[in-house]
Amino acid sequence: MARAQLQSFIRSADDNSSRITPSACRHVWNDAQKADSALQDRFYDSTVEKYALQEVEALSLQQMLEFGRAALFDSTKVLASARHVQKELPKRLARRLMDLQFLPYIVVTNPYIKRVYNAYHHAFNTLRQMPEVQTREDNEQLTSVLQRLVDEHAPMLDALAAGFKECKLKPIVGPKLQLDGFLDGMLRSRISRRIMAEQHICLAARRPGFIGIICADLSLPDAVHFAAQRTKQICTETFGAAPDVIISSSGAQAVKMPYIPTHLDYMLFELFKNSMRAVVDSCGSRRHLPAIHVTICPAPNSVTLRISDQGGGIPEDSLEQVFHYGYTTVDDGELSSQGQDEGAVWAQMAERAASPGGPWRMGGLGFGLPLSRLYARYFGGDLRLVSMPGYGVDAYLSIQYLEGRWEESRVEPQADP
Ligand code: ADP
Ligand code: MG
């Protein structure tokens, strides 16, 4: 009875919007509890529900910057930041745990997804059980726990992608599985949790030119050059060749702006991987690979980067699909958790992550474009593709100047950050 109720709730959430509100959760969960006590195991943990229902307190980037600057001179601000992080992260993790709980059974029992769930649950319990930070020593302890959790959670993105990729292949649920909204919510929340944790970790580090994780004067040509070189290396290891990248800026001065370097690097890396793979694929055994051209164009409130390749383009009927999570044209037959337990699957994941040059490193999970667009939009920018089938693709990545413009330009201000 309870399961049927839960399933119909999940189905309607899948049909309408996969973001599940806490009040809807509470309603279904209460009914389910009454009818089926067997569900009261760790998976449907009422502590998680309690935290998930609490209001989250959003801190804008502007506030984070002001806080970061003040923390340079006033150490009590660092302790206040610690308490904010300590209070907010468990609530946000609890919401995501509930989102995961209400996914179809076939998804939550997937070994990759179970691993993600367990990691979130562990982080939730670790953080909520720590005593409130009062002293510098308490803060040092919190910071080292945050650093450990950030490191441990780094492979979760691939695990989430691999898990959903497998679930999409299951014929029973395949057509009904609407994951884009769910994953947007899940990953947007992941971005904010990481910003919050890393910003706090970096407050103490006081790197010159940085306020926490934000680089005050990030040089875009340098960032593009760095990402291009890294991708070229992986592309060469994988396919034996890689196209050159030619960077030009419109305007005389070096383009610099405040931004989070790891975010920009993620987006550029994904775009370069796609372009380089397309160029190598489309050129076959031809020796000369046409270069990828990057143009950096600053405007008063934003900067646009155009990445142009001659990799043959995207067919018109596929262009709409490339921003769906999991859409890929990379044939990655090896990925399978079938018949394996969670430990074995994780070992396989770790091995894949550690093996340089494996074909999947250039793509195959179908998360590169949707997640890059999410990163860009998170701070009010965007990512668009223009394809010329038979010739190549122009990717337009626009990024906004962060300071002071974040709140007004956010795409979904009401979304739980
Ligand atoms: P993945 O790289 O894992 O396949 P992405 O989200 O990065 O996932 O890209 C999805 C798909 O979009 C790719 O598999 C490819 O078919 C297509 N695509 C993206 N960028 C390009 C490009 N520059 N040229 C040709 N096809 C592209
Ligand atoms: Mg890709």
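Please refer to the structure placed before this passage.
Presented here is a report on the structure given in the accompanying data block. Please read these numbers as outputs of a predicted model, since none were measured by experiment.

### Observations concerning the overall build of the protein chain
Regarding its fold elements, the protein chain presents 15 helices and eight strands. Here the protein chain holds 417 residues, and the buried ones make up 52% of them. Across the protein chain, contacts joining residues at least 24 apart in sequence account for 78% of those joining residues at least 6 apart. By element, 51% of the accessible surface of the protein chain is carried by carbon and sulfur atoms, the whole surface being about 19,200 Å².

### Examining the packing of helix 9 (residues 156–169) against helix 10 (residues 180–205)
Closest axis-to-axis distance for the helix 9/helix 10 pair is 12 Å, and the angle between their directions is 170 degrees. Between helix 9 and helix 10, the angle is such that the two are roughly antiparallel. The segment helix 9 lies against helix 10, with Leu157, Leu160 and Phe164 engaging Phe182, Leu183, Met186, Leu187 and Arg190. When grouped by side-chain class, the residues that make up the contact of helix 9 with helix 10 number seven nonpolar, no polar and one charged.

### Description of the sheet that holds strand 5 (residues 292–298)
Paired through their backbone hydrogen bonds, the strands of a sheet run either parallel or antiparallel. Spatially, 3-5-6-8-7 is the arrangement adopted by the five strands of the open sheet, whose pairing is mixed. Taken across any chain shown, the strands that pair with only one partner, and hence form the sheet edges, are strand 3 (245–249) and strand 7 (382–388). Averaged over all pairs of adjacent strands, the angle between strand axes in this sheet comes to 15 degrees, irrespective of strand direction. Pairing between strand 5 and strand 6 (residues 302–308): six bridges, direction antiparallel. Each bridged residue has a counterpart across the sheet, and for Val294 the counterpart in strand 6 is Ile307.

### A few points about the packing of helix 10 against helix 14 (residues 368–378)
In the contact formed by helix 10 and helix 14, the axes pass within 10 Å of each other and the chain directions differ by 55 degrees. It follows that helix 10 is oblique to helix 14 by the angle criterion. Where helix 10 crosses over helix 14, the two elements pack in a sense that is right-handed. Facing helix 10, whose interface residues are Asp184, Leu187, Arg188, Ile191, Ser192 and Ile195, helix 14 presents Leu371, Leu374, Tyr375 and Tyr378. By residue class, the composition of the contact of helix 10 with helix 14 is seven nonpolar, one polar and two charged.

### A look at the sheet that holds strand 4 (residues 256–259)
With respect to topology, three strands assemble into an open sheet ordered 1-2-4, the strand pairing being antiparallel. Unpaired on one side and paired on the other, strand 1 (210–211) and strand 4 mark the two borders of the sheet. Where strand 2 (residues 214–219) and strand 4 come together, three bridges link them in antiparallel fashion. Counterpart to Cys215 in the pairing with strand 4 is Tyr259. Where helix 12 (residues 261–283) meets the sheet, its contacts fall on strand 1, strand 2 and strand 4, and the angle it forms with strand 4 comes to roughly 105 degrees.

### Concerning the packing of aromatic side chains
Per the stated rule, a full pass over the model turns up six aromatic pairs. Judged by centre distance (5.2 Å) and plane angle (90 degrees), the ring pair of Tyr51 and Phe124 falls under edge-to-face. Placement of the pair is Tyr51 in helix 3 (residues 46–52) and Phe124 in helix 7 (residues 111–129), with a sequence separation of 73 residues. Residue Tyr51 is classed as buried on the basis of its relative accessible area of 16%. Using a relative accessible area of 0% as the deciding quantity, one classes Phe124 as buried. Each ring, one from Phe164 and one from Phe182, has its centre 5.7 Å from the other, and the planes form 65 degrees; the classification is edge-to-face.

Basis of the calculations
Residues numbered from 1 in each chain as written. Chains lettered and ligands numbered in written order. Predicted model: local features only at pLDDT ≥ 70, side-chain atom pairs only at ≥ 80, totals over all residues. Heavy atoms only, no water. Helix = DSSP H or I, 4+ residues; strand = E, 2+ residues; numbered from the N terminus. Buried < 20%, exposed > 50% of the residue type's maximum accessible area, 1.4 Å probe, protein only. Contact = heavy atoms within 4.5 Å. Areas by Shrake-Rupley, 256 points an atom, 1.4 Å probe, with all protein chains shown as cover. Axes fitted to C-alpha atoms, helices over the stretch in contact; angles between N-to-C directions. Parallel < 35°, antiparallel > 145°, perpendicular 65-115°, else oblique. Nonpolar A, V, L, I, M, F, W, Y, C, P; charged D, E, K, R; others polar. Pairing = 2+ DSSP bridges. Left-handed = near helix turned anticlockwise from the far one by under 90°. Phe/Tyr/Trp six-rings, centres within 6.5 Å; stacked < 30°, edge-to-face > 60°.

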